[in-house]
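Residue-level structural notes
So the chains spell out like this:
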Amino acid sequence: MIRFENVAKRYPDGTVAVEGLSFEVAEGELVTLVGPSGCGKTTTMKMVNRLIEPTEGRILVDGEDIAEAEPVELRRRMGYVIQQTGLFPHRTVLDNTATVPHLLGWPKARRRERARELLDLVGLDPDVFGDRYPEQLSGGQRQRVGVARALAADPPVLLMDEPFGAVDPVVREHLQNEFLRLQSRLHKTVLFVTHDIEEAVRLGDRIAVYGEGRIEQFDSPATVLGAPASGYVADFVGADRGLKRLSVTPIETGDLEQPPTLHLTDRLDEAAARMATDGARWAVVLDGADVLHGWVSAATLAEAAVRDADGSGTVGDHARRMEAWLPLGSSLKQAFSTMLQHDAGWIAVEDEADRFVGVLTPAKLHEALRRSVDADARAVARQDVELETIESS
Ligand SMILES: Nc1ncnc2c1ncn2[C@@H]1O[C@H](COP(=O)(O)OP(=O)(O)OP(=O)(O)O)[C@@H](O)[C@H]1O
């Protein structure tokens, strides 16, 4: 969708902001550009909407060389969100949101309707915020309006330059989560500039790690963290990259343990007998549709079975509700943090249909982390072998 071919930018004073840039952002992909101040991230982004012209190479958007495109028309195909939001101070939130539809000449009723819809989408009630002015909003709310405005004409491409840079860390995390939810619905092609590696890793399908004026590594967050391409990248992602990696490694079915499962309607005596045979200390309790209900300990079942003289008791009478669970595909970091938050020794995992698929234990969590680190180690080793083969032939 966006393709850089050997692009360089040399400013008139001789500063080479970037050079040798070649990469591609696929349709619907979110690529974060991350690196220290002055490494050329903003220059890269501004070349895509022709606020800056490259001095070498070319950039294609949807197969078209943008040097041939009319800049104003090009920019209307691209939402642009910046740190200072660039909202018009004397226009209401609704009017700010409707800026591009206004430029495109949409009738008033339609653009107001679109602006209301967009404000709603970014979590701002149009009835509450629509008629306010930007200065009557918090920093986080202003950023949301910035995102709503960029999306107003439904452009396929979004360019975001440190859009959440000016808000405090808590609001920032909130905005990131909202944006991820939005992106999972909208599937825009996004180029996102940040100097914050945590943000880059959280949001990016892939990350471009910039050194001075060039990309040092362009890869998935897990690979950048697990197998940094150079000492520079390793330093930049930080010594705690193992921890950061938790947040980009998903829970997979193979990571889960399978404890005994019981159903709410199972008879107490039969359930207690099964637990005794299995030697298990607890079981997961499911309802009739195999949806997670809770858990029950073997000791509780054994005691209750003894008291249940007429045999009418069921597992459901003694099951405790589950307090925390996670969908399959959640990150290991989420799993770890949920375990800590609930002081739990294990955490249940469900599929998209809410069916129970297994439990994650601290031991399995550790194995899962090892698995992803080892996968990278193997990939690196394979490359080494290839190089040796080439040299000896
Ligand atoms: N108009 C200009 N004339 C000369 N040099 C420029 C100009 N604009 C940017 N530069 C230089 O180009 C380099 C890259 O700048 P750029 O703004 O792309 O970096 P950045 O990675 O976005 O930095 P930051 O995170 O601080 O915004 C820097 O050395 C900067 O000083």
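These numbers were taken from a predicted model, which means no experiment stands behind them. (Residues numbered from 1 in each chain as written. Predicted model: local features only at pLDDT ≥ 70, side-chain atom pairs only at ≥ 80, totals over all residues. Heavy atoms only, no water.)

The buried fraction of helix H1 (residues 41–48) is high, at six of eight residues. Among all positions of H1, only Lys-41, Thr-43, Thr-44, Met-45, Met-47 and Val-48 are buried. Just past H1, the residue Arg-50 takes up positive phi, approximately 60 degrees. (Buried < 20%, exposed > 50% of the residue type's maximum accessible area, 1.4 Å probe, protein only. Helix = DSSP H or I, 4+ residues; strand = E, 2+ residues; numbered from the N terminus.)

Our next topic: the confidence of the model for the chain. Interpretation of the predicted coordinates at a detailed level should be avoided for regions scoring low in pLDDT. With 94% of its residues at a pLDDT of 70 or more, the chain shows a mean pLDDT of 87. When mean pLDDT is compared element by element in the chain, strand S3 (residues 30–34) scores highest at 96, while helix H16 (residues 362–392) scores lowest at 58. Counting interchain partners and residues more than four positions distant, the pLDDT-below-50 stretch residues 380–393 has one contact. (pLDDT = per-residue confidence, 0-100. Contact = heavy atoms within 4.5 Å.)

In this section: the side chain of Gln-183. Structurally, Gln-183 can be placed in helix H8 (residues 169–186). Look past the residues within four positions of Gln-183 in its chain and what remains in contact with it is Gly-28, Leu-30, Lys-188 and Val-190.

Turning next to the UniProt feature "domain: CBS" (unreviewed entry) in the chain. In the UniProt entry, the feature "domain: CBS" (unreviewed entry) is given for residues 248–311 and 319–375. Between the end C-alpha atoms of residues 248–311 there is a gap of 49 Å, over a span that is 33% helix and 22% strand. (UniProt positions renumbered as here; feature names shortened; annotations may be inferred.)

Another point: the sheet that holds strand S13 (residues 292–297). The strands that make up a sheet pair up through hydrogen bonds in the backbone, lying either parallel or antiparallel. Taken together, the four strands give an open sheet; going across it, the order is S11-S12-S13-S14, and neighbouring strands pair in mixed fashion. Every interior strand has two partners, whereas the edge strands, strand S11 (261–263) and strand S14 (320–321), have only one. Pairing of strand S12 (residues 282–286) with S13 involves five bridges; the strand directions are antiparallel. When the bridges of S13 are listed, Val-284 appears paired with Trp-295. Each of S11 and S12 touches helix H13 (residues 268–278); the most contacted strand, S11, lies at about 175 degrees to it. (Pairing = 2+ DSSP bridges. Axes fitted to C-alpha atoms, helices over the stretch in contact; angles between N-to-C directions.)

Here the focus is the sheet that holds strand S5 (residues 64–65). Reading across from one edge, S2-S1-S4-S5 is the order of the four strands in this open sheet, with antiparallel pairing throughout. Strands at the two margins of the open sheet, each flanked by one partner only, are strand S2 (16–25) and S5. Alignment of strand S1 (residues 2–10) against strand S4 (residues 56–61), held across five bridges, turns out to be antiparallel. Within S4, the position partnered with Arg-3 by the bridge is Leu-60.

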